[in-house]
Amino acid sequence: MIIIGQNGVGKSNLLESVELLSSLRSHRSNRNQDLIYWNQDQACVSAMIEDDQKVSLELNRKGGRKAYKNEKLLTRQIDLIGPIRSVGFSALDLELIRGEPALRRHWLDRIVQQLEPIYSDLIGRFSRLLRQRSQLWRNLSIQSNKDQNTLLDSYDMQMALVSTRIHRRRRRILDRLLPLASSWQEHLSNSKENLNIKYLPGSKLEGEESERLWRENIERQLLEMRSEEEITGNCRVGPHRDDVKFLVNGVDARRFGSAGQQRTIVLALKLAELELIKTVYGKSPILLLDDVLAELDPKRQLLLLDAVGEKHQCLISATHLESFEGEWVQNSQLMQLDSFS
Amino acid sequence: MPGIGPRTAQRLALHLLRQPEEKIRLFSEALVNAKSQVGQCKTCFHLTAGEQCEICLNKQRNQELICVVSESRDLLALERTREYKGLYHVIGGLISPMDGIGPEMLEISSLIKRVDKENIKEVILALTPSIEGDTTSLYVGRLLKPFTKVTRIAYGLPVGSELEYADEVTLSRALEGRRDLD
């Protein structure tokens, strides 16, 4: 379905609400307030889905939200996730290859979060550990040196454990994504390009994948870096320093890939994500294309259409139809949004 | 007041206004007395009206066992179980640099001194399973290791709950803390 309308009529809002119902989060903001219409106290998003099921999420400006399934309040909001799955693709994603490493970590996190429910907790714990730790460096000088080191040891131990688990999950997802993405890349480039994805962990992970080994390794690295950390206040070991490298025919796509090549990779990654989620859950996720289709050249638009085909429901937002390939328009339902003022 | 929203506050205020004056006077005296008389036990820092709390004064209790809790309300919860017969140490919070709480602001050095001085066979850490609770447990544990045996309470499924309804985080913690079937 293509959703057409002027800027500001709420096209992205509509897509965002699907994202919110499918993942309980928005790529735009983590705060409830930002998702509620200006000057209103409350927002509500509802969707009717297959089998006459209804899911809703109620957000309050004062904080707190409530999740409903078939009008029944859910005691655990996470139970809302499941009936709807989605994969988002916005103009921002086009920066994935050449942008900051944080973009790639965020992208990876969103995929892992969809597939492993524990992961959000791990990320939350890690970022809290990191914040506590950096605040500790600022508060220091109050304590004796020995107690200080004991306290840092206590943080090291926890961070090593959580880091190990985050590294392991990120690597595992990339391993599963790689064959799918590289086969899409091959398809999208008429077999001219071979894609490889390399995980560059922010901790040195040596040897076999083993929780104990990695943990001890990371703990040792944290200790080694402690004197440097004392000066800078920045922790230099851990998943917050992770990056992902994309290689096309063995060459780093971030530095040497053309803009078109980089777009093809992003497209291949999104299609791989779509496929991965489908394999895991046995149901096609909804593809959300927010103002991005027009950014792709006609050739890639057609390839995307071909790949998405009839298999996936697809919501597309755009300001005008001119930049769409004819086939997209012919095969889509059109919805025109007008502002209500 | 914690846990009281505007509606409950209004109900309480109206209820108090309806009471006879005598009752209100006794109530306010009780509040003033509580404030002036209740202090901290000099040994374990639990709330008490005397110099030492009833638990520390009770010689029937196991004098070789100390349970470390963050606040007096945690101690009261443990007491309600009637299962624990040892002594306590209330450290008064959890280490959290973001809130400006460092170890020196908690009753940790007094705990170390106490364990060092007295013949303590085991210290049980009963702190909340959060980043701050875990940090405090690890920190206190490391400092106490040279003096005595240190254990911590188990985390996992609440008794009486159904496994299938437990959330993923609790379940994974419970899996982590699994133990041999004896």
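Our subject is the structure listed above.
All chains use their own residue numbering, which begins from 1 and follows the written sequence. Key to labels: chains lettered from A, ligands numbered from 1, both in the order written. Given that this is a predicted model, residues contribute local features only at a pLDDT of at least 70 and side-chain atom pairs are listed and counted only at 80 or more, while totals for whole chains, interfaces and linings are drawn from all residues. Here the side-chain values reflect all heavy atoms present in the structure, with hydrogen atoms and water set aside.

Points about the overall build of chain B
Here comes step 1: Helix and strand definitions follow DSSP, with helices as H or I runs of at least four residues and strands as E runs of at least two, each counted in order from the N terminus. Regarding its fold elements, chain B presents seven helices and six strands.
Here comes step 2: Listing every helix and strand of chain B by position from the N terminus yields α-α-β-β-α-β-α-β-α-β-α-β-α.
Here comes step 3: Taking 16 Å as the expected radius of gyration for a compact globule of 182 residues, we find that chain B reaches 20 Å, considerably beyond that expectation.
Here comes step 4: Relative accessible area decides the class of each residue, using a 1.4 Å probe on protein chains only: under 20% of the type maximum gives buried, over 50% gives exposed, and in between gives partly exposed. Within chain B, buried positions represent 35% of all 182 residues. Throughout, the radius of gyration refers to the C-alpha atoms, and the reference size of a globule is 2.2 Å times the residue count to the power 0.38.

Regarding the overall build of chain A
Here comes step 1: The helix and strand inventory of chain A stands at 10 helices and 12 strands.
Here comes step 2: Here chain A has a C-alpha radius of gyration of 22 Å; the compact-globule value for 341 residues is 20 Å, and the two agree.
Here comes step 3: In terms of overall dimensions, chain A has C-alpha extents of about 70 × 55 × 35 Å along its principal axes.
Here comes step 4: Residues classed as buried in chain A amount to 49% of the 341 residues present.

A few points about unusual backbone geometry
All names here are of chain A.
Here comes step 1: With phi around 70 degrees, glutamate 71 is a residue other than glycine that occupies positive phi space.
Here comes step 2: Looking at the secondary structure, you find glutamate 71 in the loop between strand S4 (65-69) and strand S5 (72-73).
Here comes step 3: Overall, glutamate 71 belongs to the exposed group, its relative accessible area being 58%.
Here comes step 4: One non-glycine residue, aspartate 291, adopts positive backbone phi at about 55 degrees.

Considerations on the nonpolar core
Here comes step 1: One finds Trp107, Phe246, Leu269, Leu271, Leu289 and Leu304 of chain A together with Ile108 of chain B to be the most contacted residues of the largest nonpolar core, which totals 108 residues.
Here comes step 2: The biggest single contributor to this core is helix H4 (residues 145-188) of chain A, with 14 residues.
Here comes step 3: Residues in contact with leucine 289 of chain A, not counting those within four places in the same chain, are Leu15, Phe89, Leu304, Cys314, Leu315, Ile316, Ser317 and Trp328 of chain A.
Here comes step 4: As used here, the term nonpolar core means buried Ala, Val, Leu, Ile, Met, Phe, Trp, Tyr and Cys residues forming a set that is joined through side-chain atoms within 4.5 Å. Core analysis: the next-biggest nonpolar cluster, separate from the first, contains 23 residues, Val18, Leu21, Leu24 and Leu59 of chain A among them. The contact criterion used throughout is that any non-hydrogen atoms of two residues lie within 4.5 Å.

Notes on the sheet that holds strand S10 (residues 286-290) of chain A
All names here are of chain A.
Here comes step 1: The pairing criterion for strands is at least two bridges between them, as found by DSSP. In space, the five strands of this open sheet follow the order S6-S10-S11-S1-S12, with parallel pairing throughout. Two strands lie at the open edges of the sheet, namely strand S6 (86-90) and strand S12 (334-337), each paired on one side alone. Taken over all neighbouring pairs, the strand axes of this sheet differ in orientation by 15 degrees on average, direction set aside.
Here comes step 2: Looking at chain direction, S6 and S10 are connected through five bridges and run parallel. Bridging from a neighbouring strand, glycine 88 pairs with leucine 288 of S10.
Here comes step 3: Only the stretch in contact is used when a helix axis is fitted, and all axes are lines through C-alpha atoms; the angle between N-to-C directions ranges over 0 to 180 degrees. Sitting on the sheet, helix H8 (residues 259-281) is in contact with S6 and S10, with an inclination near 170 degrees to S6.

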